[in-house]
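If you want the building blocks of each chain, they are given just below.
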Amino acid sequence: MSLVEKRSVTIRGHRTSYSLEKPFYDDLVAISAARGMTLAALVAEVDALRPREANLSSALRLFVLEQAKLATAKPVA
């Protein structure tokens, strides 16, 4: 069994794929639900904002990590 699962998505009419470990995928699904958007829309948003030299899978992992850090950040007193 592979730890990484490949998934497909259509972004701006173009079919592409990304590979994520299940915990990253699960968090991505939760983030899209919390934002009230489809998973495909969230993936397209991350894709549009990523540097062109970064691949989509890496950009998605970094996005999930960033969201986790924001959620656990403690305000400075």
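Our subject is the structure that appears above.
Not measured: the values here are computed from a predicted model.

A full pass over the atoms with the stated rule returns 6 salt bridges. Linking R61 and E21 is a salt bridge whose minimum nitrogen-to-oxygen distance equals 2.9 Å. Residue R61 is located in helix α3 (residues 56-72), and its partner E21 is located in strand β2 (residues 14-21); the two are separated by 40 residues in the primary sequence. Accessibility expressed as a relative area gives 23% for E21, which makes it partly exposed.

With that out of the way, let us pick up the environment of A48. Residue position: A48 is located in helix α2 (residues 39-49). Taking the C-alpha atoms as reference, A48 lies 16 Å from E66; in sequence the two are 18 residues apart.

All right, on to the packing of aromatic side chains then. For the structure shown, the criterion picks out 0 aromatic pairs. One residue, R7, lies across the ring of Y25, its end atom 3.4 Å from the ring centre.

Attention now goes to α2. A turn of α-helix holds 3.6 residues, and therefore any two residues three or four places apart point the same way. Every buried residue belonging to α2 is among L39, L42, V43, V46 and D47, and all of these are buried. What you see down the axis of α2 is that its buried residues fit within an arc of 140°, all on one side. Facing away from the buried side of α2, by more than 90 degrees, are the exposed residues A48 and L49. Elements in contact with the buried residues of α2: β1 (4-11), β2, α1 (22-34) and α3.

Definitions and cut-offs
Residues numbered from 1 in each chain as written. Predicted model: local features only at pLDDT ≥ 70, side-chain atom pairs only at ≥ 80, totals over all residues. Heavy atoms only, no water. Salt bridge = Lys/Arg side-chain N within 4 Å of Asp/Glu carboxyl O. Helix = DSSP H or I, 4+ residues; strand = E, 2+ residues; numbered from the N terminus. Buried < 20%, exposed > 50% of the residue type's maximum accessible area, 1.4 Å probe, protein only. Phe/Tyr/Trp six-rings, centres within 6.5 Å; stacked < 30°, edge-to-face > 60°. Lys NZ or Arg CZ within 6 Å of the ring centre and 35° of its normal. Arc of directions from axis to C-beta. Contact = heavy atoms within 4.5 Å.

Limitation: the analysis is restricted to geometry and does not speak to function.
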